[in-house]
2 protein chains.
Amino acid sequence: MPPTLGFVTNPLDRQSTERDAVPMSALKSDPRTRAVLIAGEIPILAEGDPATALLPLDALLRAGELKEEAYLGLLDGAPVIAALAAPEAAAAFGEGTGFRAQDLRSLAMQSALPPGELGILAETKALLHWHDRHRFCANCGAPTAPGAGGFRRECAGCGAQHFPRTDPVVIMLIAHGDRILLGRQARFPPGMFSCLAGFVEPGETIEDAVRRETFEEAGVRVGAVRYATCQPWPFPMSLMIGCIGEALTDTLVVDAQELEEVRWVPRDEVVLMMERRHPEGITGPNPIAIAHHLVRLWLAASQSEM
Amino acid sequence: MPPTLGFVTNPLDRQSTERDAVPMSALKSDPRTRAVLIAGEIPILAEGDPATALLPLDALLRAGELKEEAYLGLLDGAPVIAALAAPEAAAAFGEGTGFRAQDLRSLAMQSALPPGELGILAETKALLHWHDRHRFCANCGAPTAPGAGGFRRECAGCGAQHFPRTDPVVIMLIAHGDRILLGRQARFPPGMFSCLAGFVEPGETIEDAVRRETFEEAGVRVGAVRYATCQPWPFPMSLMIGCIGEALTDTLVVDAQELEEVRWVPRDEVVLMMERRHPEGITGPNPIAIAHHLVRLWLAASQSEM
């Protein structure tokens, strides 16, 4: 794993079989406990060298009323809890407070935190976002309450239990000889191209999802697919499943609803894009993203074939 | 892929970018359209040699009021829709009707349908189960309505859109030299052992989920993990991600809440279990399940090392 790849390292011992047994009040009276706080979607850090997302418990007092709390487990034997505050609470952590609010993508891009803290923040953000959008029972419409240390929601109305959601997404480097398929969405930074991606659908294998999404978005048929690596991606709560696939065809039929542009990029141009020296000014995917890692893997593999 | 492995083959062209554009009324007036019908959790088949889950549209009339309909896409150019009826509707497809109701697990175990129809049924069951348990908005509690040909639910109250859920689950063959880790849950058929498994949690990689679940359930530390293959598992809506992992330790500390028994089974006994000739009468995982395939892969790989 390259050190830049975000959110893949999570050093927590999740204590997942103990969650029902540990009351939040006990965690909050333990002086070793640290809190990971998100205001809306934005992490709060304690300033320092280095800064840290593992806050002392009294930092939570600044945040006003908390919307949600969860028990994340142990870090080097000390408890870690997660807390969700309203978006407005970020204002209480501004300049001169010894804290700052900074969005998770830019924290990863700047390597502003140790890799393990980015992983803990990814877990926190995915879990708390799920709570924030799942306060009612999808089965009967009644309000639900958190349980299992924040890893479940329970409906007193119909008895349903709801568990945090993680959406599997395929992201694929598709190769055709010495060229790879790269596309850009309109929302990407100017000039940036990346691998194609899409949600795995009900009743679908990872490999079939790679083939379907590639055909839908670019009109390219894919044969062999192999898994490469994965990455939690908390925007809002995906698991990116990185694959490398072999194209069987190369004619492009682009889905203009999804993608602004798709190209076959030859190896020498891929190298220039990754080094940010391409004459058109186009670049590869961001180093925090698994797509960047897939391109690097392919470049290394195709290097060894040369 | 061995032919017995269930639900991995799905020949539908999902037409996922066209779902918003095709009205159900048009699909139902197309004489080529076939319907896949589930009563509660139970698929309905048309008898014949072979039987088929692809029913003529008029079969839906027997089912009474349908609770949900979805557009699954095209099969050899002909539309396929999915329909959910009440559990009681199964009674209308009994002996002498030319139809039968049969649960999906036994259909797979008996290879009672072509592999592709099992895959279509898996998609249907996962999708319709999601609808049936998600009729209300998790964000605001208001009733929701289906959209996008049944691949979305929409809330008129708060504007939220909800998409079908697929839960990533890791299932792992853990090896320590020439032994593998097999366990049994109390709900398994008598004598059956299988691979350990568990849900991927928020902010967790596939590889870390393998390590965490193995340690939690059996007390065994796992080092290297590699992806082997995957399987949609519609009970109710999981994606089984099959991995092979190398144990670093072999002392067992069993989570008795999850597992009745866990053992290290030597290769020669694994062979006897898979051939149903083990002197204790214990057996390996069912041939329809990915765990069976993982054991076969490991046996084949360890064979070639001998």
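Residues numbered from 1 in each chain as written. Chains lettered and ligands numbered in written order. Predicted model: local features only at pLDDT ≥ 70, side-chain atom pairs only at ≥ 80, totals over all residues. Heavy atoms only, no water.

### What about the interface of chain A and chain B?
In this assembly, 44 residues from chain A lie in contact with 43 residues from chain B. Of the roughly 3700 Å² buried where chain A meets chain B, counting both sides, 55% is carbon and sulfur surface. Together, A:Ala138, A:Arg165 and A:Pro202 form the three largest contributors to the area buried by chain A at its contact with chain B, with a combined 17%. The salt bridge involving B:Glu201 is made with A:Arg19; its shortest N-O contact spans 2.7 Å. The interface formed by chain A and chain B contains 22 residue pairs in polar contact (both at pLDDT 80 or more). If you list the elements that add at least two residues to the side of chain A that touches chain B, you get helix 3 (115-132), helix 4 (206-218), strand 13 (222-233) and strand 14 (238-247) of chain A. Here the element with the most residues in the side of chain A that touches chain B is helix 3 of chain A; it accounts for six residues. (Contact = heavy atoms within 4.5 Å. Buried area = accessible area lost by both parts, 1.4 Å probe. Salt bridge = Lys/Arg side-chain N within 4 Å of Asp/Glu carboxyl O. Polar contact = N/O pair within 3.5 Å; in protein donor to acceptor, adjacent residues only side chain to side chain. Helix = DSSP H or I, 4+ residues; strand = E, 2+ residues; numbered from the N terminus.)

### As for the sheet that holds strand 7 (residues 144-147) of chain B
All names here are of chain B. Spatially, three strands are ordered 7-8-9 in an open sheet, and the strand pairing comes out antiparallel. Only two strands of the sheet have a single neighbouring strand rather than two, namely strand 7 and strand 9 (161-162). Pairing analysis gives four bridges linking strand 7 to strand 8 (residues 152-155), with the strands arranged antiparallel. When the sheet's bridge partners are listed, Thr144 is paired in strand 8 with Cys155. The sheet contacts of helix 3 (residues 115-133) involve strand 7, strand 8 and strand 9, and relative to strand 8 the element is tilted by about 15 degrees. (Pairing = 2+ DSSP bridges. Axes fitted to C-alpha atoms, helices over the stretch in contact; angles between N-to-C directions.)

### A look at the relation of the copies chain A and chain B
Superposition record for chain A on chain B: RMSD 0.0 Å, screw rotation 180 degrees, translation along axis 0.0 Å. A rotation of that kind, with that shift, is consistent with a two-fold axis. It is A:Gly141 whose C-alpha, among those of chain A, lies nearest the rotation axis, at 2.1 Å. When the interface residues of chain A are mapped onto chain B, 98% of them again lie at the interface, so the same face is used by both copies. (Least-squares fit on C-alpha atoms with pLDDT ≥ 70 in both.)

### Looking at the sheet that holds strand 8 (residues 152-155) of chain A
All names here are of chain A. Strand order in the open sheet formed by three strands is 7-8-9, and the pairing between neighbours is antiparallel. In the strand order of this sheet, the two ends are held by strand 7 (144-147) and strand 9 (161-162), each with one partner. For strand 8 and strand 9, the ladder comprises two bridges, and the chain directions are antiparallel. Considered in strand 9, the bridge of Arg153 is made with His162. In this fold helix 3 packs onto strand 7, strand 8 and strand 9, with an angle of close to 15 degrees to the strand it touches most, strand 8.

### Observations concerning the nonpolar core
Membership of the largest hydrophobic core comes to 55 residues, with the highest contact counts inside it found for A:Leu72 and A:Leu173. Counting residues per element, this core draws most heavily on helix 3 of chain A, at eight residues. If we skip the residues at most four places from it in the chain, A:Leu72 touches A:Leu12, A:Asp13, A:Arg14, A:Val36, A:Val80, A:Ile81, A:Ala82, A:Ile120, A:Glu123, A:Thr124, A:Leu127 and A:Phe151. Residues B:Ala70, B:Leu104, B:Ala112 and B:Met273 belong to the second largest nonpolar core, which totals 52 residues. (Core = buried A, V, L, I, M, F, W, Y, C linked by side-chain atoms within 4.5 Å. Buried < 20%, exposed > 50% of the residue type's maximum accessible area, 1.4 Å probe, protein only.)

### Considerations on the confidence of the model for chain A
Segments scoring low in pLDDT should not have their predicted coordinates read at a detailed level. The predicted model of chain A averages 96 in pLDDT, with 98% of residues at 70 or higher. Across the assembled chains, the prediction reports ipTM 0.97 with pTM 0.97. (pLDDT = per-residue confidence, 0-100.)

### Notes on the side chain of A:Arg165
Looking at the secondary structure, you find A:Arg165 in the loop between strand 9 and strand 10 (167-176). Its relative accessible area of 13% is what places A:Arg165 among the buried residues. Separated by 3.0 Å, the side chain of A:Arg165 and the backbone oxygen of B:Pro164 make a polar contact. A:Arg165 has contacts with A:Trp130, A:Met237, B:Trp130, B:Phe163, B:Pro164 and B:Arg165, leaving out every residue within four places of it along the chain.

### Observations concerning helix 5 (residues 267-274) of chain A
All of the buried residues in helix 5 of chain A are A:Arg267, A:Val270, A:Met273 and A:Met274. Angular distribution of buried residues about the axis of helix 5 of chain A spans 110 degrees; they occupy a single face of the element. (Arc of directions from axis to C-beta.)

### Here's the deal with helix 4 of chain A
Residues and elements named next belong to chain A. A rise of 1.5 Å per residue sets the reference length of helix 4, with its 13 residues, at 18 Å; its end C-alpha atoms lie 18 Å apart and thus fit the reference within 8%. Taking burial as the measure, the 13 residues of helix 4 include ten buried ones, the bulk of the element. For helix 4, the complete set of buried residues consists of Ile206, Glu207, Ala209, Val210, Arg212, Glu213, Thr214, Glu216, Glu217 and Ala218. Positive phi shows up at Gly219, right after helix 4, with a value of about 75 degrees. (Expected span 1.5 Å × (residues − 1).)

### Quick look at the packing of aromatic side chains
A full pass over the atoms with the stated rule returns nine aromatic pairs over all chains. Ring centres 5.8 Å apart and planes at 65 degrees place the aromatic pair A:Phe7 and A:Trp233 in the edge-to-face group. Of this pair, A:Phe7 sits in the segment before helix 1 (24-28) while A:Trp233 sits in strand 13; the two residues are 226 residues apart in sequence, bridging distant segments of the chain. In this pair, the class of A:Phe7 matches that of A:Trp233, namely buried. Aromatic pair B:Trp233 and B:Phe235: ring centres 5.0 Å apart, planes at 70 degrees, arrangement edge-to-face. Connected via pairs of aromatic rings, a cluster forms that spans A:Phe7, A:Trp233 and A:Phe235. (Phe/Tyr/Trp six-rings, centres within 6.5 Å; stacked < 30°, edge-to-face > 60°.)

### Side note on the environment of A:Leu27
All names here are of chain A. Position of Leu27 relative to the elements: it lies in helix 1. In this structure, the C-alpha to C-alpha distance between Leu27 and Arg211, residues 184 residues apart in sequence, is 47 Å. With sequence-adjacent residues up to four places away left out, Leu27 is seen in contact with Val22, Thr33, Leu57, Tyr71, Pro79 and Ile81.

### Side note on the pattern of salt bridges
Applying the stated criterion across every chain, the model contains 48 salt bridges over all chains. A salt bridge links A:Glu47 to A:Arg100, with the shortest nitrogen-to-oxygen separation between them at 2.8 Å. Here A:Glu47 is found in the loop between strand 2 (42-46) and strand 3 (55-56), whereas its partner A:Arg100 is found in strand 6 (residues 99-101), with 53 residues between them in sequence. Where A:Glu275 meets A:Arg277, a salt bridge forms, and the shortest distance between an N and an O atom there is 2.5 Å. A single network of salt bridges, built from pairs that share partners, joins A:Arg14, A:Arg19, A:Glu123, B:Glu201, B:Glu204, B:Arg212, B:Glu213 and B:Glu216.

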